[in-house]
Amino acid sequence: MRKILILTTGGTIASVQSPDGLVPGMSSNQLREHLPQIGSDIAIDIKELFHIDSTDMTASHWIRIIDAIRDNYDLYDGFVVCHGTDTMAYTAAVLSYMIQNSEKPIVLTGAQKPIGFEITDAKSNLQDSILYAANSLSHGVQIVFAGKVIAGTHARKVRSMSFLAFESINLPVIAEINNGHIIRYLNIPSNGRVQFYDSINPNVFLLKLTPSMSPDLIPEIFSIYDAVVIESFGAGGIPASIENTLLTELSKYRPEEKILAMTTQVTYEGSHMNTYAVGRRIADSFKILEARDMTLETIIAKLMWILGNNSKTWDEIEQRFYTPVAMDSVY
Ligand code: ASP
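Residues numbered from 1 in each chain as written. Predicted model: local features only at pLDDT ≥ 70, side-chain atom pairs only at ≥ 80, totals over all residues. Heavy atoms only, no water.

A. How the structure looks around the sheet that holds strand 4 (residues 42-52). With mixed pairing, the eight strands of this open sheet are ordered in space as 4-1-5-7-8-9-12-13. In the strand order of this sheet, the two ends are held by strand 4 and strand 13 (181-184), each with one partner. Across the sheet, the mean angle from the axis of one strand to that of its neighbour is 25 degrees, orientation sign disregarded. As judged from the five bridges shared by strand 1 (residues 2-10) and strand 5 (residues 78-82), these two strands associate in the parallel manner. When the sheet's bridge partners are listed, I6 is paired in strand 5 with V80. Contacting strand 1, strand 4, strand 5 and strand 7 (106-109), helix 2 (residues 59-72) crosses the sheet at an angle of about 155 degrees to strand 4. Seen against the sheet, helix 3 (residues 88-98) touches strand 7 and strand 8 (141-145) and runs at an angle of roughly 155 degrees to strand 8. (Pairing = 2+ DSSP bridges. Helix = DSSP H or I, 4+ residues; strand = E, 2+ residues; numbered from the N terminus. Axes fitted to C-alpha atoms, helices over the stretch in contact; angles between N-to-C directions. Contact = heavy atoms within 4.5 Å.)

B. Representation of the environment of V16 within the structure. Of note, V16 is situated in strand 2 (residues 15-18). By relative accessible area, which is 33% here, V16 ends up partly exposed. Excluding residues within four positions of it along the chain, V16 makes contact with G21, L22, V23 and M26. (Buried < 20%, exposed > 50% of the residue type's maximum accessible area, 1.4 Å probe, protein only.)

C. A look at unusual backbone geometry. With a phi angle near 55 degrees, N101 is a residue other than glycine that sits in the positive phi range. Relative to the elements of secondary structure, N101 occurs in the loop between strand 6 (99-100) and strand 7. Overall, N101 belongs to the partly exposed group, its relative accessible area being 35%. One non-glycine residue, A326, lies in the positive phi region at around 50 degrees. Within the element layout of this structure, A326 appears in the segment after helix 9 (314-322).

D. Seen up close, helix 9. All of the buried residues along helix 9 are W314, I317, R320 and F321. Angular distribution of buried residues about the axis of helix 9 spans 135 degrees; they occupy a single face of the element. Summarising the geometry of helix 9, the exposed residues directed more than 90 degrees from the buried face are D315 and Q319. On its buried face, helix 9 sits against strand 17 (259-264), strand 18 (288-290) and helix 8 (296-308). (Arc of directions from axis to C-beta.)

E. Representation of the pairing of strand 9 (residues 148-151). Going residue by residue along strand 9, you find K148 and I150 tucked away on one face and V149 and A151 tucked away on the opposite face as well. Linkage of strand 8 to strand 9, two consecutive antiparallel strands, is achieved through a turn of two residues, within which A146 is found at a positive phi near 50 degrees. In the sheet, strand 9 pairs with strand 12 (residues 175-178) via two bridges, with the strands oriented antiparallel. For V149, the partnering residue across the bridge sits in strand 12 and is A175.

F. Inspection of the packing of helix 6 (residues 240-250) against helix 7 (residues 277-285) at higher detail. Between helix 6 and helix 7, the shortest axis-to-axis distance is 12 Å and the interhelical angle comes to 5 degrees. Classified by the angle their axes make, helix 6 and helix 7 are roughly parallel. Residues A240, E243 and L247 of helix 6 form the contact with helix 7, whose own contacting residues are R281, I282 and S285. Residues belonging to the contact of helix 6 with helix 7 are distributed by class as follows: three nonpolar, one polar and two charged. (Parallel < 35°, antiparallel > 145°, perpendicular 65-115°, else oblique. Nonpolar A, V, L, I, M, F, W, Y, C, P; charged D, E, K, R; others polar.)

G. Local environment of helix 6. Listing the buried residues of helix 6 in full gives I242, E243, L246, E249 and L250. All buried residues of helix 6 lie within an arc of 140 degrees about the axis, which places them on one face of the element. Away from the buried face of helix 6 by more than 90 degrees, exposed residues A240 and N244 are located. Buried residues along helix 6 sit in contact with helix 5 (218-224), strand 16 (227-232), strand 17 and helix 7.

H. Highlighting the packing of helix 8 against helix 9. Two elements in contact, helix 8 and helix 9, have axes separated by 10 Å at closest approach and are oriented at 140 degrees. On the basis of their axis angle, the class for helix 8 and helix 9 is oblique. Of the two elements, helix 8 crosses helix 9, and the hand of that crossing is right-handed. Contacts from I299, K302, L303, W305, I306 and L307 of helix 8 reach helix 9 at I317, R320 and F321. Grouping the constituent residues of the contact of helix 8 with helix 9 by class yields seven nonpolar, no polar and two charged. (Left-handed = near helix turned anticlockwise from the far one by under 90°.)

I. Highlighting the sheet that holds strand 16. Taken together, the four strands give an open sheet; going across it, the order is 15-16-17-18, and neighbouring strands pair in parallel fashion. Strands with a single pairing partner mark the edges of an open sheet, and in this sheet they are strand 15 (204-208) and strand 18. This sheet shows a mean twist of 25 degrees between the axes of neighbouring strands, independent of strand direction. As judged from the six bridges shared by strand 16 and strand 17, these two strands associate in the parallel manner. Across the sheet, V228 pairs through a bridge with L260, a residue of strand 17.

This is the structure we're talking about:
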């Protein structure tokens, strides 16, 4: 008998219609009534953590999810976290860093339509997730959605309404689930003992570049945040119009005090700052971290984990950033 713990956090999957629109409000008992058919060799417990639209997800909610998994880790064979789809990719990335080397699968799932609706993807997503979490070959953090199993460090929500909401970016899907059968493409090694981390520093800002952007906000951003991720164009570069302001601001701090990381607005194939002069000159004059094939959600989560867990010097931060965790980088 495999034992699975379902943790509910809200989201569309557990939402009900209200005069103001969909609100997450289904209790664990109501959810249990809608649970799809599961084999008698799987026992399921459900624990309600909170009921939020995942738009309202914060670092303290992440800590509550992590604590619930840690507190129950020895009691179950696998975990399914029901979560709103909007920020699920961020949560999956955060859990991938905060719970490392988990031999037991930690699956995130949700739905584009509530489980109580006649036409819904919730039941099949939940059924696939339970099946995957109960399988002894599954390890680590993944999203199971619309028949795909996606590494927690490579998921992105790519559709806002239809059922095929998630894609795996810069890594093939780990597996597919078809009619109750798991077809595995990538083997996830389970190496070592699970390691839980305690704290997250959410003080990471995302600056998306647009052509002709004014540099006026840059000093303010650096005065507030510990790390700034610049979402640049193409292979990666910084426009001359903001470069000087960036240099002036960063020179006011030690490199470990204000982290600058670069990623790209292009969905696939990552950043390659060494390709063009606009990128190479930045890499030469700044101490920066480059995303390469890591997704935006993943570098934000990785920085929150690194800055929250005792990285003191620039060298430590740089070394941790470039050390692959949970298949976040394969280049
Ligand atoms: N707004 C919802 C949420 O993220 C959307 C969903 O769950 O699909 O909580």
